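# Reading the structure
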Amino acid sequence: MPKKTIPIIDFRQYRSIPNIPSVIEEPNGLLGDAFGRPLQDLRISLTDRCNFRCVYCMPIEAFGKDHKFMPRASMLTFEEITRIAKIFVDHGVQKIRLTGGEPLLRKHVENLIEMLSRLKTYDGKDLDLTLTTNGSLLGKKAQSLKDAGLNRVTVSLDALDDATFKRMNGVDYSVSDVLRSLDIAHSVGLGPIKVNMVVKGGMNDQEIVPMARYFKDTPFILRFIEYMDVGTSNQWEMGEVIPSAEVVRRISTHMPLEEIEPNCSGETAERWRYKQGGGEIGVISSITKTFCHECVRARLSTEGKLYTCLFAESGHDLRALLHGGKTDQEISAALAHLWRQRADRYSELRSANTKKTNSTGKKIEMSYIGG
Ligand code: SAM
Ligand code: SF4
Ligand code: SF4
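By the naming in an unreviewed UniProt entry, the chain goes by GTP 3',8-cyclase and is assigned to Candidatus Nitrotoga fabula. UniProt annotates the chain under Pathway (unreviewed entry) with the comment "Cofactor biosynthesis; molybdopterin biosynthesis." UniProt lists a comment for the chain under the heading Subunit (unreviewed entry), and it reads "Monomer and homodimer."

Attention now moves to the overall build of the chain. Across its full length, the chain carries 11 helices and 13 strands. Relative to the compact-globule value of 21 Å for 371 residues, the chain shows a C-alpha radius of gyration of 20 Å, a close match. Dimensions of the chain, computed from the C-alpha atoms along their principal axes, are close to 60 × 50 × 40 Å. Counting over 371 residues, the chain shows a buried share of 56%. Counting contacts in the chain only where the partners sit at least 6 residues apart, residues at least 24 apart contribute 75% of the total. Side-chain charges in the chain split into 51 positive and 47 negative, and the spacing between the mean points of these groups amounts to 2 Å.

Moving on, we come to the environment of Tyr227. Take Tyr227: it is sitting in the loop between strand S7 (221-226) and helix H7 (244-254). The residues touching Tyr227, leaving out its near neighbours within four places in the chain, are Tyr56, Val198, Val199, Lys200, Asn234, Gln235, Trp236, Glu240, Val241 and Ile287. Polar side-chain contacts of Tyr227 include one of 3.2 Å to the backbone oxygen of Asn234.

So, about the side chain of Thr47. Mapped onto the elements of the fold, Thr47 is located in the loop between strand S2 (41-45) and helix H1 (78-90). Judged by its relative accessible area of 3%, Thr47 falls in the buried class. Looking at Thr47, its side chain comes within polar contact range of the main-chain nitrogen of Arg49, at 2.9 Å. When sequence neighbours within four positions are dropped, the list of residues in contact with Thr47 reads Met75, Thr99, Gly100, Gly101, Glu102, Pro103, Thr302 and Ser367.

Around ligand 1, the surrounding shell holds 20 residues, and the nearest of these are Tyr56, Gly101, Ser156, Val198 and Met228. Ser156 has a polar side-chain atom sitting 2.6 Å from an oxygen atom of ligand 1. A distance of 3.5 Å separates a nitrogen atom of ligand 1 from a polar atom in the side chain of Asn234. When isolated, ligand 1 has an accessible area of 540 Å², and the protein chains bury 95% of it. Tallied by class, the residues present in the shell around ligand 1 amount to eight nonpolar, 10 polar and two charged.

Basis of the calculations
Residues numbered from 1 in each chain as written. Chains lettered and ligands numbered in written order. Predicted model: local features only at pLDDT ≥ 70, side-chain atom pairs only at ≥ 80, totals over all residues. Heavy atoms only, no water. UniProt positions renumbered as here; feature names shortened; annotations may be inferred. Helix = DSSP H or I, 4+ residues; strand = E, 2+ residues; numbered from the N terminus. Rg over C-alpha atoms; globule rule 2.2 N^0.38 Å. Buried < 20%, exposed > 50% of the residue type's maximum accessible area, 1.4 Å probe, protein only. Contact = heavy atoms within 4.5 Å. Lys, Arg positive; Asp, Glu negative; His and termini not counted. Charge placed at Lys NZ, Arg CZ, Asp CG, Glu CD. Polar contact = N/O pair within 3.5 Å; in protein donor to acceptor, adjacent residues only side chain to side chain. Near = heavy atom within 4 Å. Areas by Shrake-Rupley, 256 points an atom, 1.4 Å probe, with all protein chains shown as cover. Nonpolar A, V, L, I, M, F, W, Y, C, P; charged D, E, K, R; others polar.

Okay, here's the thing in structure tokens:
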């Protein structure tokens with residue numbers, strides 16, 4: 001049977017150019033949004049390309065050979081990324097996560113890491129510099145990433161069973177290759193390493209307990225992520241979401257768990273530890289237990305648009321400011337103005353309305369904006 005093609009909306013055309021306020025104020029590391037949420041966490045997408053075609057993110061039916069990725073010429077350069085990152089850091093960002101697409105596909109990514117690792121937080125501390133990857137290039141690059149100044153990595157792995165994993169990643173990639181990368185990353189000191197498993201009901205939920213068992217008593221922290229309605233290409237349905245409470249229940253039946261305190265405020269994962277033996281797991285309940293009220297995260301797309309929410313309808317074009325010759329002070333003031341107005345809380349509203357989309361129906365793909 002021929003594969004059906006899923007049309008995706010080209011949300012990338014929607015953008016606005018931020019205004020520069022008439023009064024330019026100095027950043028003080030304490031920027032708060034309309035609900036008082038600080039700007040603490042910046043995710044930077046290094047590319048919208050990926051060598052995987054995960055069913056929940058870049059399904060092959062929507063991201064086939066004809067898909068037009070961002071032209072390379074429109075990507076921010078490493079110098080531009082670092083310049084923008086510094087402006088964010090001065091407003092209070094403490095953690096930078098590199099993502100994508102697959103961030104390790106970006107050539108010479110180590111050079112960017114070296115540049116970012118020299119930035120200091122507003123109060124002079126080192127940044128928490130991390131990266132999320134599908135693990136395919138991690139084994140080869142782990143040492144050079146560590147040497148460049150990367151602190152740690154998060155690796156996505158959706159199953160231990162090879163056939164299930166291959167169905168999930170869409171490109172026949174084997175579990176053993178990801179496990180090897182995990183071991184190498186651990187041995188060079190890129191830890192503590194988190195392993196992310198997106199649970200899609202009817203696809204890989206039978207892998208919940210085997211994954212928990214495999215990673216118990218290891219240095220890796222396994223986190224189960226509820227399948228999210230991000231983008232339009234994955235044809236998300238509520239019926240395919242396995243609630244985190246069910247994940248915890250299934251694991252507890254075999255290996256009893258107890259809840260523990262979060263590490264820090266703004267942490268999206270709820271933590272559970274095994275009552276017997278060592279180790280913990282995390283559950284990220286983006287659908288059933290939303291955390292918009294403590295969302296301290298901004299996202300910078302590959303070509304320099306700021307998204308204040310994963311479900312924002314359009315991005316704020318910071319690259320236009322860079323290319324328009326604006327100074328760092330002007331861009332900083334524009335960012336402060338934008339963040340102060342931020343009132344996004346899509347997931348909370350979705351839960352309240354059980355609606356599938358935002359007001360316009362335009363939704364950004366995860367591979368473009370970075371998860
Ligand atoms: N390619 C890298 C990777 O897979 O780790 C980084 C980018 S990926 C977009 C970042 C994270 O988003 C991954 O852990 C992935 O599993 C998660 N993700 C993607 N689509 C998702 C969805 N629809 N629901 C929940 N998580 C999703
Ligand atoms: Fe690629 Fe990551 Fe999306 Fe999978 S989740 S398709 S690895 S960007
Ligand atoms: Fe943050 Fe938007 Fe997700 Fe809510 S829906 S947690 S505001 S990114």
